Amino acid sequence: MGKIKALLRSVFRYRLISAFFIISQLVMFYAVFGVHSIYNKAYAKETDRLKSMYKNRIQLDVTVGNSRDMFNYISNGVDDGNMILGGKLVLSYAQISANTRCEVILKSNEELPYKMVSGRLPGSEPGDSGKRLIAVGRYKYKDAYEMNGKMYVTLENEEYEICGVIGSSTSDYYDYKMVLNIDCLGTNVMNEICRKDSYTIELSSNTRNLDNSYSAVFGNIRSVDAKSQINAKKLNSKGESDVVKALQGENMKINVMVYVFCIFNCLLMSQFWLIQRSREIAVKKIYGMSDLRIIGAMACNILALSVTALIIFAVSAAIINAVTAGAGIITVNLTTLLTTIAAIAVTIILSMTYPVIKILHYDSVEVLGSDD
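Residues numbered from 1 in each chain as written. Predicted model: local features only at pLDDT ≥ 70, side-chain atom pairs only at ≥ 80, totals over all residues. Heavy atoms only, no water.

Scanning the chain for helices and strands turns up 11 helices and 13 strands. Looking at the 372 residues of the chain, the share that counts as buried comes to 42%. Of the accessible surface of the chain, which amounts to about 20,200 Å², a share of 57% is contributed by carbon and sulfur atoms. (Helix = DSSP H or I, 4+ residues; strand = E, 2+ residues; numbered from the N terminus. Buried < 20%, exposed > 50% of the residue type's maximum accessible area, 1.4 Å probe, protein only. Areas by Shrake-Rupley, 256 points an atom, 1.4 Å probe, with all protein chains shown as cover.)

Further remarks concern the nonpolar core. In this structure, Phe71, Leu155, Leu180 and Ile193 are the most contacted members of the largest nonpolar core, which totals 38 residues. If you tally residues by element for this core, the top one is helix α4 (residues 187-194), at 4 residues. Core analysis: the second largest hydrophobic core is formed by 26 residues, Phe21, Ile281, Ile294 and Ile302 among them. (Core = buried A, V, L, I, M, F, W, Y, C linked by side-chain atoms within 4.5 Å.)

Once that is clear, we can look at the environment of Asp183. Within the secondary structure layout, Asp183 lies in the loop between β11 (178-181) and α4. Each C-alpha atom of the pair Asp183 and Lys131 lies 7.9 Å from the other, and the pair is 52 residues apart in sequence. Contacts of Asp183, omitting those with residues within four sequence positions, involve Asp128, Ser129, Gly130 and Lys131. (Contact = heavy atoms within 4.5 Å.)

Within this structure, the stated rule accounts for 5 aromatic pairs. Both rings, one in Phe71 and one in Tyr199, keep their centres 4.9 Å apart while their planes meet at 80°; by these two values the pair is edge-to-face. One end of the pair, Phe71, is in the loop between β1 (56-63) and β2 (82-85); the other, Tyr199, is in strand β12 (residues 198-205), and 128 residues separate them in sequence. According to the relative accessible area criterion, Tyr199 is buried, its value standing at 5%. Between Tyr145 and Tyr152 the ring centres are 6.2 Å apart and the planes differ by 25°, which places this aromatic pair in the stacked class. Here Tyr145 falls in the partly exposed class, since its relative accessible area comes to 23%. (Phe/Tyr/Trp six-rings, centres within 6.5 Å; stacked < 30°, edge-to-face > 60°.)

Considering the arrangement of structural elements, one finds Ala343 in helix α10 (residues 334-360). A relative accessible area of 4% places Ala343 in the buried class. Put simply, Ala343 and Val32 are 311 residues apart on the chain and 7.6 Å apart in space, counted from C-alpha to C-alpha. If we ignore the near neighbours within four places in the chain, the residues touching Ala343 are Met28 and Phe29.

Here we come to the state of the cysteines. Throughout this description, disulfide means a covalent bond between two cysteine sulfur atoms. For the structure on display, the rule yields 0 disulfides. Cys163 provides the cysteine sulfur closest to Cys184, a residue in no disulfide bond, and the two sulfurs are 7.3 Å apart. (Disulfide = S-S within 2.5 Å.)

Right, let's talk about unusual backbone geometry for a bit. Although it is not a glycine, Ser97 sits at a positive phi angle of roughly 55°. Positionally, Ser97 belongs in the loop between β3 (90-93) and β4 (98-101). For Asn148, which is not a glycine, the phi torsion comes out positive at approximately 55°.

With that out of the way, let us pick up the pairing of β4. Sheet analysis places β3 next to β4, joined by 4 bridges and oriented antiparallel. Across the sheet, Tyr93 pairs through a bridge with Ala98, a residue of β4. Between the end of β3 and the start of β4, which pair antiparallel, lie 4 residues, with Ser97 showing a positive phi angle near 55°. (Pairing = 2+ DSSP bridges.)

Another aspect to go through is a nonpolar patch on the surface. On the surface, Leu303, Val307, Ile311, Val315, Ile319 and Val323 cluster together into a nonpolar patch covering about 530 Å² of accessible area. With respect to the helices and strands, Val315 occurs in helix α9 (residues 291-323). Residue classification places Val315 among the partly exposed positions, given a relative accessible area of 47%. (Patch = residues over 30% accessible without salt bridge, like charges linked within 9 Å, V, L, I, M, F, W, Y side chains within 5 Å. Salt bridge = Lys/Arg side-chain N within 4 Å of Asp/Glu carboxyl O.)

With respect to the element layout, Asn220 can be found in helix α5 (residues 211-224). With a relative accessible area of 14%, Asn220 lands in the buried category. Side-chain polar atoms of Asn220 contact the backbone oxygen of Asn76, separated by 2.8 Å. (Polar contact = N/O pair within 3.5 Å; in protein donor to acceptor, adjacent residues only side chain to side chain.)

Tracing the chain through its elements places Asp80 in the loop between β1 and β2. The buried category is assigned to Asp80, whose relative accessible area is 9%. Polar contacts involving the side chain of Asp80 include one to the side chain of Arg208, which spans 3.1 Å. Excluding anything up to four places from it in sequence, Asp80 contacts Asn109, Arg208, Asn209, Leu210, Asn212 and Ser213.

Now for the pattern of salt bridges. As enumerated under the stated definition, the model contains 13 salt bridges in all. Here Lys45 makes a salt bridge to Asp172, at a shortest N to O gap of 3.8 Å. One end of the pair, Lys45, is in helix α2 (residues 15-52); the other, Asp172, is in the loop between β10 (158-166) and β11, with 127 residues separating them in the sequence. Assessed through its relative accessible area of 29%, Asp172 is described here as partly exposed. When salt bridges that share partners are traced, they join Arg120, Glu125 and Asp128 into one network.

What follows is about the pairing of strand β7 (residues 133-137). Among the 5 residues that make up β7, 5 are buried, leaving the element largely enclosed by the rest of the structure. The sheet contact formed by β7 and β11 spans 2 bridges and is antiparallel. Within β11, the position partnered with Val136 by the bridge is Met178.

This is a description of form; function is not addressed.
As structure tokens, then:
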């Protein structure tokens, strides 16, 4: 017990410098693990996105000529794969007083690319046809209102009953989805869709070739709209990566800048630490203590301060996670352990650079003489 007290007195002898160093380290840990958390979220989101991609995909960009009722016939003869209207399709969403992106299932012949938290997708049961139903992501579900024990949202001034909630346990990729079915649309929404001048339709399948389905869709569109323009292309099964976009969206640059600032602050603190202990170091050198031992003692002090900051960070992060129902600031795994060791090692190495140079060139007589 006495040794522990002696160690604490040695480490925290200069309380102001120690406090500033711990605060700087604490902010640095939040920056480092903030970057780590952002990367994990982006990686998980990209993983969910790739899992939702089909092996075979054909995208049709359709510009309407003179027909406004193609959706009554567009899926005829599509016996292979799924057919979804998406792209930049937006509908008026009363709960946020703005437009929101939606997807419309036109035809489904195999499993659809949505993970369900609860409920089901519209049109998945025989009795759904003619009802106004919608499946929404977890974030969109927060906007819903209750009526007669059921949850609803309003699109184009029509009430849609929420029959399912879409979401993933690992990311927020599905949280903003709003999925409709062509057989479960109200008049207003159907009319608004038909008023659009252009559409993006995707044919997709994991098991079947889509050439026959594409030929059927192409013929269906041209049969009702001879002047329409159809630009079709086969898509890569993995699509374009969204990891960089996701990282930019999370503003990782701020965390990196904070981390760099904290490192410079640690360098500054080590200089003040050396200035305050200059007489002590000079006396130790006069009494024969080696440079290596002095440097080792300083490194141990910085390590102790870093561990103290780490403990405070771990406790505060756990509290924040509990209060915010899982902010995901820190997760316990091998990557976290390696990140922690690396962060502390970088701090010790950079913080020791200036003191090591000064200690190796220390003139004890000059230091003690200047104090007199």
